[in-house]
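If you want the building blocks of each chain, they are given just below.
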Amino acid sequence: MTETNDTEHMHIPVANQLAVDIIDGKWAIGTATTLEDMQSRFDVSRTVAREASRHLEAAGAITIRRRVGLVAQDPKSWQALNPQVIAWKLHSSQRKQELLALTELRLSIEPAAARYAAVRASLEDKAKLPVMALQMKQLGEQGNLAEFHKLDIEFHRQVLRCSGNELFAAFADTVATVLRGRVEINMYPQQPAPEALRAHVAVGEAILNGDADGAYEAMREIVDEVDEALRGNPLS
């Protein structure tokens, strides 16, 4: 493996572990580590350690101080909507708190996005949603969860893009990270709830028909179901 490939592939898991260490309190806020420490702990080259430190610094997880090293920063000061930061928190002991906070944010944004999509999106863009929703329903009922989850992410992306609001559209990557992360940490049911499948179909049909209120309520039902599921899950 060349040094370039080594760097591209190996610094990410190193950065991931260090970020989770900070979140979980294993690397105390305000304390420092060095590139040499990273090289020794993870058995990686200095180049990989340096790239990992840059990855962490870019998200606000650390500051790099000359003659001191890499200093851990309080997770409260990190870039909260950075998909990488969200992924780190979802793979830490704070996963449930992160999911609840993000679900509250989704409740504020996604129903509104569905409402605006119903009145602003082109007919061509609207027409994709009922088709996707019906495919999701079939996949969910068949138990084909891998394809279901892929389509679920694309469905929510499409609604946000169709809203005609650039800030809502920019939230699509965050929602994708949340949906993907919920699966990765086993906080998604083995079988999608029938009510959720029906609600996705209702969102698609309402948006296609220009029913802004119907689209809003159906999307709120989807995210409410997630919120209720999380609050009933004892995983901390």
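What you see is a predicted model; the values in this text were computed from it and never measured.

What counts as what
Residues numbered from 1 in each chain as written. Predicted model: local features only at pLDDT ≥ 70, side-chain atom pairs only at ≥ 80, totals over all residues. Heavy atoms only, no water. Helix = DSSP H or I, 4+ residues; strand = E, 2+ residues; numbered from the N terminus. Contact = heavy atoms within 4.5 Å. Areas by Shrake-Rupley, 256 points an atom, 1.4 Å probe, with all protein chains shown as cover. Lys, Arg positive; Asp, Glu negative; His and termini not counted. Charge placed at Lys NZ, Arg CZ, Asp CG, Glu CD. Phe/Tyr/Trp six-rings, centres within 6.5 Å; stacked < 30°, edge-to-face > 60°. Buried < 20%, exposed > 50% of the residue type's maximum accessible area, 1.4 Å probe, protein only. Salt bridge = Lys/Arg side-chain N within 4 Å of Asp/Glu carboxyl O.

**A look at the overall build of the chain**
Counting secondary structure elements, the chain contains 11 helices and 3 strands. Along its sequence from the N terminus, the chain presents helices and strands in the succession α-β-α-α-β-β-α-α-α-α-α-α-α-α. Each principal axis of the C-alpha atoms in the chain carries an extent, and together these give about 65 × 35 × 35 Å. Taking the intrachain contacts of the chain between residues at least 6 apart in sequence as the baseline, contacts between residues at least 24 apart amount to 70%. Accessible surface, the chain as shown: approximately 11,700 Å² in total, 50% of it carbon and sulfur. Across the chain, the mean location of the 26 positive side-chain charges is 5 Å away from that of the 33 negative side-chain charges.

**Brief notes about the packing of aromatic side chains**
Under the criterion given, the structure shown has 2 aromatic pairs. Between tryptophan 78 and tryptophan 88, the ring centres sit 5.9 Å apart and the planes meet at 80°, which makes this aromatic pair edge-to-face. Of this pair, tryptophan 78 sits in the loop between strand E3 (69–72) and helix H4 (83–90) while tryptophan 88 is found in helix H4, placing the two residues 10 residues apart along the sequence. Grouping residues by exposure puts tryptophan 78 and tryptophan 88 together as buried.

**Remarks on the pattern of salt bridges**
Scanning the entire structure with this criterion turns up 14 salt bridges. Among the ionic pairs, glutamate 110 bridges to arginine 106, the shortest N-O distance being 2.3 Å. Here arginine 106 and glutamate 110 lie together in helix H5 (residues 95–120), a separation of 4 residues that amounts to about one turn. For arginine 106, a relative accessible area of 2% corresponds to the buried category. With a shortest N-O distance of 2.9 Å, aspartate 173 and arginine 157 are connected by a salt bridge. Here aspartate 173 is found in helix H9 (residues 172–184), whereas its partner arginine 157 is found in helix H7 (residues 145–162), with 16 residues between them in sequence. When its relative accessible area of 41% is taken as the criterion, aspartate 173 is described as partly exposed. Residues joined by salt bridges that share partners form a network here, namely Glu104, Asp227 and Arg231.

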